[in-house]
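Listed below are the residues making up each chain.
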Amino acid sequence: MNLDFLDDVKRMNKRQLVYQVLNFGMIVLSALMIWKGLMVVTGSESPIVVVLSGSMEPAFHRGDLLFLTNYNQDPIRVGEIVVFKVDGRDIPIVHRVLKLHERDDGSVKFLTKGDNNAVDDRGLYAPGQLWLEKKDVVGRARGFVPYVGIVTILMNDYPKFKYAVLACLGIFVLIHRE
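Residues numbered from 1 in each chain as written. Predicted model: local features only at pLDDT ≥ 70, side-chain atom pairs only at ≥ 80, totals over all residues. Heavy atoms only, no water.

Q: Hey, could you run me through the overall build of the chain in this one?
A: Broken down by element type, the chain carries 4 helices and 7 strands. Along the chain, helices (α) and strands (β) appear in the sequence α-α-β-β-β-β-β-β-β-α-α when read from the amino end. When the backbone C-alpha atoms are referred to their principal axes, the chain occupies close to 70 × 30 × 30 Å. For the chain, buried positions account for 29% of its 178 residues. (Helix = DSSP H or I, 4+ residues; strand = E, 2+ residues; numbered from the N terminus. Buried < 20%, exposed > 50% of the residue type's maximum accessible area, 1.4 Å probe, protein only.)

Q: In this structure, what is going on with the environment of Ser44? I would like to understand it.
A: Relative to the elements of secondary structure, Ser44 occurs in the loop between helix 2 (14-42) and strand 1 (48-50). Those residues within four positions of Ser44 in sequence are excluded, and the remaining contacts are Met39, Leu68, Thr69, Asn70, Val138 and Gly139. Within the local environment of Ser44, its side chain forms a polar contact with the backbone oxygen of Ser46, the two atoms lying 3.2 Å apart. (Contact = heavy atoms within 4.5 Å. Polar contact = N/O pair within 3.5 Å; in protein donor to acceptor, adjacent residues only side chain to side chain.)

Q: I would appreciate a short explanation of the side chain of Asp136 in the present structure.
A: Structurally, Asp136 is set in the loop between strand 6 (132-133) and strand 7 (137-145). At a separation of 2.9 Å, a polar atom in the side chain of Asp136 contacts the main-chain amide nitrogen of Glu133. In this structure, Asp136 is in contact with Val83, Phe84, Lys85 and Gln129, ignoring residues within four places of it in sequence.

Q: Teacher, can you tell me more about the sheet that holds strand 2 (residues 65-69) here?
A: Two strands in a sheet stick together by hydrogen bonds in their backbones, pointing the same way (parallel) or opposite ways (antiparallel). Taken in spatial order, the 7 strands of this open sheet run 1-2-7-3-4-5-6, and their pairing is antiparallel. Sheet topology places strand 1 and strand 6 at the edges, where each strand pairs with a single neighbour. Sheet topology note: the strand 3 (residues 81-84)/strand 4 (residues 93-102) ladder contains 4 bridges and is antiparallel. Its bridge partner being in strand 4, Phe84 is matched across the sheet by Ile93. (Pairing = 2+ DSSP bridges.)

Q: It is not clear to me how the packing of helix 2 against helix 4 (residues 159-175) should be interpreted in this structure. Could you clarify?
A: Relative placement of two packed helices is described by the angle separating their axes and the distance separating the axes. At a minimum axis distance of 8 Å, the contact between helix 2 and helix 4 shows a crossing angle of 130 degrees. Taken together, helix 2 and helix 4 sit at an angle that is classed as oblique. Considering how the two elements wind past one another, helix 2 and helix 4 form a crossing that is right-handed. In this structure, helix 2 uses Gln20, Val21, Phe24 and Ile27 to contact helix 4, whose residues at the interface are Gly170, Val173, Leu174 and Ile175. (Axes fitted to C-alpha atoms, helices over the stretch in contact; angles between N-to-C directions. Parallel < 35°, antiparallel > 145°, perpendicular 65-115°, else oblique. Left-handed = near helix turned anticlockwise from the far one by under 90°.)

Q: Would you mind showing me how to read the packing of aromatic side chains here?
A: Geometrically, a pair of aromatic rings is defined through the distance of the ring centres and the angle of the planes. Overall, the coordinates contain 2 aromatic pairs when judged by the stated rule. Relative to Phe144, the ring of Phe60 has its centre 5.1 Å away and its plane inclined at 80 degrees; by these criteria the two rings are edge-to-face. Here Phe60, found in the loop between strand 1 and strand 2, pairs with Phe144, found in strand 7; they are 84 residues apart in sequence, far enough to count as distant. When the ring centre of Trp131 is taken as reference, the NZ or CZ atom of Arg122 above it lies at 4.7 Å. (Phe/Tyr/Trp six-rings, centres within 6.5 Å; stacked < 30°, edge-to-face > 60°. Lys NZ or Arg CZ within 6 Å of the ring centre and 35° of its normal.)

Q: Sorry, what's going on with the pattern of salt bridges here?
A: Pairing of side chains with opposite charge becomes possible as their charged atoms draw close. Evaluation of the coordinates by the stated rule reveals 9 salt bridges. In this structure, the salt-bridge partner of Glu133 is Lys109, at a minimum N-O distance of 3.8 Å. Here Glu133, found in strand 6, pairs with Lys109, found in strand 5 (residues 108-113); they are 24 residues apart in sequence, far enough to count as distant. For Glu133, a relative accessible area of 31% corresponds to the partly exposed category. Given the relative accessible area of 28%, Lys109 is considered partly exposed. Several salt bridges share partner residues, and in doing so they unite Asp74, Glu80, Arg140 and Arg142 into one network. (Salt bridge = Lys/Arg side-chain N within 4 Å of Asp/Glu carboxyl O.)

Right, here's the structure in full:
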């Protein structure tokens, strides 16, 4: 195995090494600031999500990257694609609003279904839950980029691949001298 990058790191003086580590930290913190900024602008706790299953085909395919917004003043409509979280599940679900019930007091309950699924999502909801409410919504799909999120799926399915990608990025930042 060729470990030339270790020689590059050994040849750096302390000041260069500290500079590279700070540069790496700045990149990580910049990414976090961009994420938090997107959260504020879009009103969504997760402004970007990856479609993890084929339940929304042909509209969205596994690996598509979705851009979300979640403004409180926008009413939810039948036919709209929403991303929601259910109690007991960590991963948000991307499905279309199938039915909507509005009450006189202004509360709204709705039912969702994946375009490629035979039945509605009641089987996915928390036990005893028959409808979703606005509080369950993470965001609404406003745009997408096809298949860009496949890298995320690969990193989740193959943890060694994730560590290899992260190691390569870290090494690149450390030995890159500009």
